[in-house]
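Breakdown of the fold
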Amino acid sequence: MTDVMHNFELFQPATLADAQAILGDHEDAWIIAGGMDSLDWFKHRVKQPSVVVDIANIPDLHGIREEDDRGLWIGATTTLTEVNESEAVQSRFPVLAQAALRVASPQIRNKGTIGGNVSQDTRCTYYRDGFPCYRAGGNTCYANTPTAMNREHALFGVSRCVAVTPSDTAIALSALEAMFIVERRGDRSEVAAADFFIGPDIDITRMTSLEPGDILVGIRVPGKWAGSRQYFEKVADRNTWDFALANIAMAATVDAGAISDISMVCGAVQCTPRRLTDVESLVRGETPGEELETLVKRVAARGAEPLNFNHFKVPLMENLAMRAIRSLA
Amino acid sequence: METYGPYDPTVDYVPGPAPRPKHGRDGETSSWRPLHMSRRNFLRGVVCSGVVIGGSAYLFSATTPARADTRAVERLVRLTVNGRTHSVEVAPNETLATTLRYRLGLTGTKIGCNQGECGACTVIADGTTIYSCSTLTHRVRDSEITTVEGIAGEDGTLHPVQQAFIEEIGPQCGFCTPGQVVSAVALLNRNPNPTIEEARLAMSGNLCRCGAYDHYLRGVMKAAERV
Ligand SMILES: Cc1cc2nc3c(=O)[nH]c(=O)nc-3n(C[C@H](O)[C@H](O)[C@H](O)COP(=O)(O)OP(=O)(O)OC[C@H]3O[C@@H](n4cnc5c(N)ncnc54)[C@H](O)[C@@H]3O)c2cc1C
Ligand code: SF4
Ligand code: FES
Ligand code: FES
């Protein structure tokens, strides 16, 4: 059920400095880029910031540039369609191009940005509907009760909240070991993917290390995995619109038939993208084949603690990891 | 008994009297009633003339700007739709679908889900399709917008996509049809010779509850032979 959005003041700054000045002036200012996640919150009247800052007109935040190390800099407000259609992304980081293509629907990708995609809030239906749960500042989790509908929820890393990361591109960017460039009150810092996405044990009210007023300027994908063997697969109820029930992203190098280096990340099973370090250390130096696939299946979901209705995610995850390894054979 | 008119986003809403008993969560939202109904008719009148001279009270939002370059947006915007430029008064929290339907009278653009999940509200902005229900009108101030009303020729000649949809019996209830037409036209503008897979992908953001997907897809392929 959606409603007319609450009244807010809208700012459309043309430079990063103006945006920061506005964010500094208004404590509850809310950034929108594509607005595909934000307007949903407003229409459901769950979040009602009095000031909205539209950052889409800031040229410094947009575009795709080559870096010296064969890597790429991707501006935060670059749309998912632009990421997917970029030749540089397709040739060096196909796992990212495919992840961007598997988000939502064409119309959402035409407007939704990569910065908004990695910064979006979780899709736990209780939370989105405005239930006063832990994440919303309350003192219970509605998704982790004996009768709760928790088919989409987490297998790992639970700390009061059992919500999962909704973003498809976050999984690919984590596998590519991307750096997130964050501007905080005039200071710029680079945050590694592993620190950018945070779980409920660090802060239960946020999904990323971005604090109110912070602006994600861009994402730097290092050249390390450029041109390596890559794999992305997403399983969802429908191919359009639906968020992942599980997805997998992999980048690997193969030397004389054996896997020399690998990075594998699974999404929608934990609050943050889950790096499958057990699989990685198992397959390094090994030759892909049926035998290795069987072993990968055995370790991929080790330590999973399913809730009432999400046991199916365990074999899903195992099979996705196995299929990623199979793609190297 | 208090009667409630149809939902009209162009009027200001204030909390009203207790809603009529209704089941479910509907009751919550129906407690909002229009402040003054007459503004609707006022707006309708000016919509026809194409130009709105906003009352001074509506012209600017309430704040006094601290710096000239960090001002909040103004309410009077120029919007280019189907090749015509309109001056129209737009609230900061207004979606493009609302502006098109209720300020400009272009009701061909439908609102289905109002949350980016159906495609009934699809329009073209600068060559790409977007959901107008999930776009702030202020965002597309400088864009060229095409709605379903701008697809057929000036003299009413149907676009090959529209003709093919009729021949392939695309529309059943027809509610999704404007969005389907807009998505198909945007595809053929960009790629006049799509493969069936490319067409399926381009049309995948348009839900059809009647399930006429294959009909629409055949229509796209047929239209591609004719453009
Ligand atoms: C029907 C539907 C289906 C969807 N399906 C999928 C899916 O399958 N997979 C998927 O990954 N996503 C999905 N999404 C989510 C959607 O793709 C993302 O929400 C979109 O990419 C977000 O980008 P945006 O620019 O529109 O976000 P916005 O709404 O503009 O921003 C999202 C959040 O990020 C913050 N933000 C944005 N940019 C910055 C910045 N530069 N600096 C700091 N903070 C910032 C905003 O404040 C806000 O909190 C779906 C959304 C809808 C409505
Ligand atoms: S899973 Fe997290 S977001 Fe969902 S109800 Fe529980 S605490 Fe809230
Ligand atoms: S009304 Fe816009 S997508 Fe459904
Ligand atoms: S024709 Fe009825 S929804 Fe498509």
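Conventions used here
Residues numbered from 1 in each chain as written. Chains lettered and ligands numbered in written order. Predicted model: local features only at pLDDT ≥ 70, side-chain atom pairs only at ≥ 80, totals over all residues. Heavy atoms only, no water. Pairing = 2+ DSSP bridges. Helix = DSSP H or I, 4+ residues; strand = E, 2+ residues; numbered from the N terminus. Buried < 20%, exposed > 50% of the residue type's maximum accessible area, 1.4 Å probe, protein only. Contact = heavy atoms within 4.5 Å. Buried area = accessible area lost by both parts, 1.4 Å probe. Salt bridge = Lys/Arg side-chain N within 4 Å of Asp/Glu carboxyl O. Polar contact = N/O pair within 3.5 Å; in protein donor to acceptor, adjacent residues only side chain to side chain. Domains from an automatic or database assignment. Core = buried A, V, L, I, M, F, W, Y, C linked by side-chain atoms within 4.5 Å. Near = heavy atom within 4 Å. Nonpolar A, V, L, I, M, F, W, Y, C, P; charged D, E, K, R; others polar. Axes fitted to C-alpha atoms, helices over the stretch in contact; angles between N-to-C directions. Left-handed = near helix turned anticlockwise from the far one by under 90°.

Quick notes on the pairing of strand E6 (residues 128-131) of chain B
Residue and element names in this part refer to chain B. Relative to E6, strand E5 (residues 122-125) runs antiparallel, the two being bridged by four bridges. Looking at the pairing, Ile124 lines up with Thr129 of E6. Two successive antiparallel strands, E5 and E6, enclose a turn made up of two residues, where Asp126 displays a positive phi of approximately 50 degrees.

Details of helix H4 (residues 96-103) of chain B
Within H4(B), seven of the eight residues are buried, leaving the element largely enclosed by the surrounding structure. All buried positions along H4(B) are accounted for by Leu96(B), Ala97(B), Thr98(B), Thr99(B), Leu100(B), Arg101(B) and Arg103(B).

Brief notes about unusual backbone geometry
The bulk of non-glycine residues show a negative phi, and the bulk of peptide bonds are trans. The phi angle at Ala104(A) is positive, at roughly 45 degrees, despite the residue not being glycine. Looking at the secondary structure, you find Ala104(A) in the loop between helix H5 (94-101) and helix H6 (106-111). The backbone of Asp126(B) sits at a positive phi, close to 50 degrees, despite the residue not being glycine. Mapped onto the fold, Asp126(B) is located in the loop between E5 and E6.

Looking at the sheet that holds strand E9 (residues 229-235) of chain A
Residues and elements named next belong to chain A. Strand order in the open sheet formed by four strands is E9-E10-E11-E12, with antiparallel pairing between adjacent strands. Among the strands making up the open sheet, the edge pair consists of E9 and strand E12 (274-275). Here strand E11 (residues 258-267) pairs with E12 via two bridges, running antiparallel. Each residue of the ladder has a partner; that of Cys266, found in E12, is Arg274.

Looking at the interface of chain A and chain B
On the chain B side, the residues contacting the 39 residues of chain A number 41 residues. Both sides of the chain A and chain B interface together cover about 3300 Å² of buried area, and 53% of this is carbon and sulfur. Connecting chain A to chain B are one salt bridge. The salt bridge partner of Asp54(A) is Arg139(B), with a shortest N-O separation of 2.6 Å. Counting the contacts that link chain A with chain B gives 21 residue pairs in polar contact (both at pLDDT 80 or more). When residues of the side of chain A that touches chain B are traced back to their parent elements, those giving at least two are strand E1 (9-11), helix H1 (16-25), helix H2 (38-43) and H6 of chain A.

Regarding the side chain of Ser132(B)
All names here are of chain B. Its location among the elements puts Ser132 in the loop between E6 and strand E7 (144-146). For Ser132, a relative accessible area of 0% gives the class buried. From its side chain, Ser132 meets the backbone oxygen of Cys121 in a polar contact 2.7 Å long. Sequence-distant contacts of Ser132, that is, excluding residues within four places in its chain, are made with Thr95, Leu96, Ala97, Leu100, Thr109, Cys121 and Val123.

Some points on the domain arrangement of chain A
Residue and element names in this part refer to chain A. Per the domain assignment, the segments of chain A are domain 1 (9-56) and domain 2 (62-329). Here the C-alpha centre of domain 2 lies 25 Å away from the C-alpha centre of domain 1. Taken together, the contacts link 15 residues of domain 1 with 20 residues of domain 2. Across the domain 1 to domain 2 interface the summed buried area is about 1400 Å²; carbon plus sulfur atoms make up 61%. Here domain 1 and domain 2 share four salt bridges between them. In this structure, Arg123 engages Asp40 in a salt bridge whose closest nitrogen and oxygen atoms are separated by 3.6 Å. Inspection of the region where domain 1 meets domain 2 yields seven residue pairs in polar contact (both at pLDDT 80 or more).

Some thoughts on the nonpolar core
Residues and elements named next belong to chain A. In this structure, Leu96, Val118, Leu173, Phe180 and Phe196 are the most contacted members of the largest nonpolar core, which totals 47 residues. Beyond its immediate sequence surroundings of up to four residues, Leu173 is in contact with Leu96, Ile114, Val118, Ala178, Phe180, Ala193, Ile219 and Val221. Membership of the second largest hydrophobic core comes to 29 residues, among which are Leu155, Leu245, Ile262 and Ala321.

Topic: the site of ligand 1
Ile31(A), Ala33(A), Gly34(A), Gly35(A) and Thr113(A) are the nearest of the 37 residues found near ligand 1. Neighbouring residues of ligand 1 are not confined to a single chain but are spread across chains A and B. In the model, an oxygen atom of ligand 1 is placed 2.8 Å from a nitrogen or oxygen of the Met36(A) main chain. One of the backbone nitrogen or oxygen atoms of Trp241(A) is found 3.0 Å away from a nitrogen atom of ligand 1. Residue assignment for the shell around ligand 1 shows that the elements contributing at least two residues are strand E2 (29-32), helix H7 (114-119) and strand E8 (215-221) of chain A. Broken down by element, the shell around ligand 1 gets its largest block of residues, four residues, from H7(A). The residue makeup of the shell around ligand 1, split by class, is 17 nonpolar, 13 polar and seven charged.

Details of the packing of helix H12 (residues 290-300) of chain A against helix H13 (residues 313-326) of chain A
Residues and elements named next belong to chain A. Running from amino to carboxyl end, H12 crosses H13 at an angle of 145 degrees, the nearest separation of the two axes being 8 Å. When you trace H12 past H13, the crossing you get is right-handed. For the pair H12 and H13, the contacting residues are Leu292, Glu293, Val296, Lys297 and Ala300 in the first and Met317, Glu318, Asn319, Ala321, Met322, Ile325 and Arg326 in the second. Here the residues of the contact of H12 with H13 are counted per class, giving seven nonpolar, one polar and four charged.

Considerations on H1(A)
Within H1(A), burial applies to Leu16(A), Asp18(A), Ala19(A), Ala21(A), Ile22(A) and Leu23(A). Looking at the buried side of H1(A), the elements it contacts are E1, E2, strand E3 (51-54), strand E6 (179-184), strand E7 (187-192) and E8 of chain A.

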